[in-house]
Amino acid sequence: MGLNAEWMQRDLEVLWHPCTQMKDHERLPVIPIRRGQGVWLEDFEGKRYLDAVSSWWVNVFGHANPRINQRIKDQIDQLEHVILAGFTHQPVVELSERLVRLTPAGLDRVFYADNGSSGIEVALKMSYHYWLNCGQPAKKRFVTLTNSYHGETVAAMSVGDVSLFTETYKSLLLDTLKVPSPDCYLRAAGESWEAHSRAMFEHMERTLEQHHHEVAAVIVEPLIQGAGGMRMYHPVYLKLLREACDRYAVHLIHDEIAVGFGRTGSMFACEQAGITPDFLVLSKALTGGYLPMAAVLTTDKVYQAFYDDYSTLRAFLHSHTYTGNPLACTAALATLDIFEQDKVIEANKALAARMASATAHLVEHPHVAEVRQTGMALAIEMVQDRSSRAPYPWQERRGLKVYQHALARGAMLRPLGNVVYFLPPYVITPEEIDFLAEVASEGIDIATRDAVSVAVGNLYPHHRDPG
Ligand SMILES: *Cc1c(COP(=O)(O)O)cnc(C)c1O
């Protein structure tokens, strides 16, 4: 037995993998990775895979980045962890100062959690609790967009709308208000992204008009609905939303867990709309993809609503054990240094342009309805029929065929349903982008050349699973 097979076997004896029907592994291999270097992952037999999805959207400066590694090594000899209640430490103070400086004006307080979903729970609870502290207990519902994804814990699922993840658990979920997404894939032929996003705002306006008295916050994934299939929209929507939230006294929560740190072309997506949300939730690339951590930034106004004598019981008593972990903060500081020193946002423009040119030929593909892009995220929508945009039934798992082809060719492309996408680390080279585009094209040809075998409804069109 080879080394890969040996590790796979030991794995399958004891592990239960995330977002996976484990029975699939009767025929699909689990790929044991021995090491990572830059954009490449290497298995136990020396086969390499280009990490086109940044290991679930977290890695921005490559695996085993020497600059991040060194900082973590230095920190670990100093302090690996300390409780953050009643205590503090240098990395968490420096990181908080830095995040306050870096994010739009008005976000002056940082609360930490230890993963994205927990960060969302913090923002939801803080918003509700703010209104409670202000004597408005009726403001307890959340408004969310259709096709949203905000994580897997129960409240985070409640504000999500990707049925694959939420349908099973719907009897457990909070009662939220869902508003049709400004998703520009659904715009009319010839309509601009801006016109469509602006027109779709009407639904939000009406919902807020009717329900603002019972709404605590609107939560959105700014510019890109990630797990919902990399669906994109225009920043004008965020601008209109900010104005409406102010008018109706409703908080605006930006979930920038996936899009923060340069993914959309600006450091944070909210910059493109020129707005400051009331809550900004960051995670994933925050630590360069090294360690789990989330930061929830909010305004002094929110902070002050909790600041009082202990006996008033207005404090936010939420905590996660690993809050503000020094190693994670250090990885984040090293990551922010690289952004600054290497002028990454500027440098990414050429890479984004290369992603567009390398995939331009796919625009004409008979089974591609759209190639869309926002900054360093590019998505290719595979469909049964280009003119009607009829989707492939999810049961056919066309995306999985692309995934398998890419693995054979040495790339880790992990489609969301029938959406093939690139979300690479920013240290990818133009040649590596060309290689990804070539592999994706071949994969799409292979996945779409067979006739449709089963005629069934498309119940779960998009998801994190490569099926
Ligand atoms: C990944 C993600 C989350 C959840 O983060 P976890 O760390 O996986 O809990 C929430 N929102 C968005 C937009 C995400 O992409």
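Remember, it's a predicted structure, so these values are computed and weren't measured experimentally.

**Side note on the overall build of the protein chain**
Phase 1 of the analysis: Scanning the protein chain for helices and strands turns up 14 helices and 16 strands.
Phase 2 of the analysis: Against the 2.2 N^0.38 benchmark of 23 Å for 467 residues, the protein chain shows a C-alpha radius of gyration of 22 Å, consistent with a compact globule.
Phase 3 of the analysis: The principal-axis extents of the C-alpha atoms in the protein chain amount to approximately 65 × 55 × 45 Å.
Phase 4 of the analysis: Within the protein chain, counting contacts between residues at least 6 apart in sequence, those at least 24 apart form 72% of the total.
Phase 5 of the analysis: Summed over all atoms, the accessible surface of the protein chain reaches about 20,000 Å², with 55% contributed by carbon and sulfur.

**Quick word on the domain arrangement of the protein chain**
How big an interface is tends to be stated in terms of the accessible area lost upon association of its parts.
Phase 1 of the analysis: With domains assigned, the protein chain is organised as domain 1 (3-64 + 344-447) and domain 2 (69-341).
Phase 2 of the analysis: Between the C-alpha centres of domain 1 and domain 2 the distance comes to 26 Å.
Phase 3 of the analysis: When domain 1 packs against domain 2, the two sides together hide about 2,500 Å² of surface, and 62% of this comes from carbon and sulfur.
Phase 4 of the analysis: Looking only at domain 1, the three residues that lose the most surface to domain 2 are Trp 57, Ile 345 and Thr 374, adding up to 25% of its buried area.
Phase 5 of the analysis: Taken together, the connections running from domain 1 to domain 2 amount to 2 salt bridges.
Phase 6 of the analysis: Here Glu 381 makes a salt bridge to Arg 231, at a shortest N to O gap of 3.1 Å.
Phase 7 of the analysis: Along the contact surface separating domain 1 from domain 2 lie 11 residue pairs in polar contact (both at pLDDT 80 or more).
Phase 8 of the analysis: Breaking the side of domain 1 that touches domain 2 down by element, the ones donating at least two residues are α2 (54-57), α12 (344-359), β13 (368-374), β14 (377-382) and β16 (419-422).
Phase 9 of the analysis: No other element matches β13, which puts 5 residues into the side of domain 1 that touches domain 2.

**Here's the deal with the nonpolar core**
Phase 1 of the analysis: With 111 residues, the main nonpolar core has Leu 95, Leu 99, Met 204, Val 218 and Phe 261 as its most contacted residues.
Phase 2 of the analysis: The two domains that each donate at least three residues to this core are domain 1 (3-64 + 344-447) and domain 2 (69-341).
Phase 3 of the analysis: Phe 261 has contacts with Val 60, Leu 99, Met 267, Phe 268, Leu 282, Ser 283, Ala 285, Leu 286, Leu 336, Phe 339 and Tyr 426, leaving out every residue within four places of it along the chain.
Phase 4 of the analysis: Grouped together as the second largest cluster of nonpolar side chains are 25 residues, Ala 123, Leu 124, Val 159 and Val 281 included.

**Describing the site of the ligand**
Phase 1 of the analysis: Close to the ligand lie 13 residues, the nearest being Gly 116, Ser 117, His 150, Asp 255 and Lys 284.
Phase 2 of the analysis: In the environment of the ligand, an oxygen atom lies 2.8 Å from a nitrogen or oxygen atom belonging to the backbone of Gly 116.
Phase 3 of the analysis: The separation between an oxygen atom of the ligand and a polar side-chain atom of Lys 284 is 2.6 Å.
Phase 4 of the analysis: Isolated, the ligand exposes 380 Å² of accessible area, and the fraction of that covered by the protein chains is 88%.

**Some details on helix α4 (residues 90-102)**
Phase 1 of the analysis: With 13 residues, α4 should cover 18 Å at 1.5 Å per step; its first-to-last C-alpha distance of 18 Å lies within 8% of that length.
Phase 2 of the analysis: Taken together, the buried positions of α4 are Pro 91, Val 92, Leu 95, Ser 96, Arg 98 and Leu 99. Viewed along the axis of α4, the buried residues span an arc of 165°, placing them on a single side of the element. Those residues of α4 that are exposed and aimed more than 90 degrees away from the buried face are Gln 90 and Arg 101.
Phase 3 of the analysis: The elements touched by buried residues of α4 are α3 (66-78), β4 (107-113), β11 (279-282), β12 (294-299) and α11 (326-341).

**Side note on the packing of aromatic side chains**
Phase 1 of the analysis: Enumeration over the complete set of coordinates arrives at 15 aromatic pairs.
Phase 2 of the analysis: Summarising the aromatic geometry, the rings of Phe 61 and Tyr 426 are spaced 6.1 Å apart at their centres and angled 75° between planes, so their arrangement reads as edge-to-face. Taken together, the positions of Phe 61 in the loop between α2 and α3 and Tyr 426 in the loop between β16 and α14 (430-449) put the pair 365 residues apart, joining distant regions of the chain. Tyr 426 matches Phe 61 in its accessibility class, with the two residues each being buried.
Phase 3 of the analysis: Look at Tyr 149 and Phe 165: their rings are 5.3 Å apart centre to centre, the planes differ by 65°, and that puts the pair in the edge-to-face class. Pair noted here: Tyr 149 is in the loop between β5 (141-145) and α6 (154-158) and Phe 165 is in helix α7 (residues 163-166), with a separation of 16 residues, a long-range link. The same class applies to Tyr 149 as to Phe 165, namely buried.
Phase 4 of the analysis: Cluster of aromatic residues (ring-pair linked, three or more members): Phe 61, Phe 261, Phe 268, Phe 339 and Tyr 426.
Phase 5 of the analysis: Geometry around Trp 40 places Arg 48 over its ring, the cationic atom sitting 4.3 Å from the centre.

**A short note on empty space enclosed by the protein**
Phase 1 of the analysis: Per the stated rule, a full pass over the model turns up 1 cavity of 30 Å³ or more.
Phase 2 of the analysis: In this structure, the largest cavity occupies an estimated 70 Å³ of space.
Phase 3 of the analysis: Along the walls of the largest cavity sit Trp 57, Ile 224, Gly 226, Met 230, Ala 258, Val 259, Arg 263, Ala 377 and Leu 423, which together make up its complete lining.
Phase 4 of the analysis: Class assignment for the residues of the lining of the largest cavity results in 7 nonpolar, 1 polar and 1 charged.
Phase 5 of the analysis: Taken together, domain 1 (3-64 + 344-447) and domain 2 (69-341) each give at least three residues to the lining of the largest cavity, which thus spans both.

**Regarding the sheet that holds β13**
Phase 1 of the analysis: As summarised here, the arrangement of the 3 strands in space is β13-β14-β16, forming an open sheet in which the pairing is antiparallel. With one partner strand each, in any of the chains shown, β13 and β16 form the two edges of the open sheet. Neighbouring strand axes in the sheet, compared pairwise and without regard to direction, differ in orientation by 15° on average.
Phase 2 of the analysis: Bridge analysis of β13 against β14 gives 6 bridges, and the strand direction is antiparallel. Among the inter-strand pairings, Thr 374 is bridged to a residue of β14, identified as Ala 377.

**Details of the layout of surface pockets**
Phase 1 of the analysis: The space that makes up the largest pocket amounts to roughly 910 Å³.
Phase 2 of the analysis: Along the walls of the largest pocket sit 30 residues, with Val 110, Phe 111, Tyr 303, Phe 316 and His 318 positioned nearest its centre.
Phase 3 of the analysis: Counting residues per element, the lining of the largest pocket draws most heavily on β4, which supplies 5 residues.
Phase 4 of the analysis: Of the residues assigned to the lining of the largest pocket, the class counts are 18 nonpolar, 10 polar and 2 charged.
Phase 5 of the analysis: Volume-wise, the second largest pocket comes out at about 720 Å³.

Thresholds, definitions, all that
Residues numbered from 1 in each chain as written. Predicted model: local features only at pLDDT ≥ 70, side-chain atom pairs only at ≥ 80, totals over all residues. Heavy atoms only, no water. Helix = DSSP H or I, 4+ residues; strand = E, 2+ residues; numbered from the N terminus. Rg over C-alpha atoms; globule rule 2.2 N^0.38 Å. Contact = heavy atoms within 4.5 Å. Areas by Shrake-Rupley, 256 points an atom, 1.4 Å probe, with all protein chains shown as cover. Domains from an automatic or database assignment. Buried area = accessible area lost by both parts, 1.4 Å probe. Salt bridge = Lys/Arg side-chain N within 4 Å of Asp/Glu carboxyl O. Polar contact = N/O pair within 3.5 Å; in protein donor to acceptor, adjacent residues only side chain to side chain. Core = buried A, V, L, I, M, F, W, Y, C linked by side-chain atoms within 4.5 Å. Buried < 20%, exposed > 50% of the residue type's maximum accessible area, 1.4 Å probe, protein only. Near = heavy atom within 4 Å. Expected span 1.5 Å × (residues − 1). Arc of directions from axis to C-beta. Phe/Tyr/Trp six-rings, centres within 6.5 Å; stacked < 30°, edge-to-face > 60°. Lys NZ or Arg CZ within 6 Å of the ring centre and 35° of its normal. 1 Å grid on protein atoms, 1.4 Å probe; cavity = no way out; pocket = protein on both sides within 12 Å on 5 of 7 lines; lining within 4 Å. Points joined across faces, edges and corners; volume = space filled by probe spheres on them. Nonpolar A, V, L, I, M, F, W, Y, C, P; charged D, E, K, R; others polar. Pairing = 2+ DSSP bridges. Axes fitted to C-alpha atoms, helices over the stretch in contact; angles between N-to-C directions.

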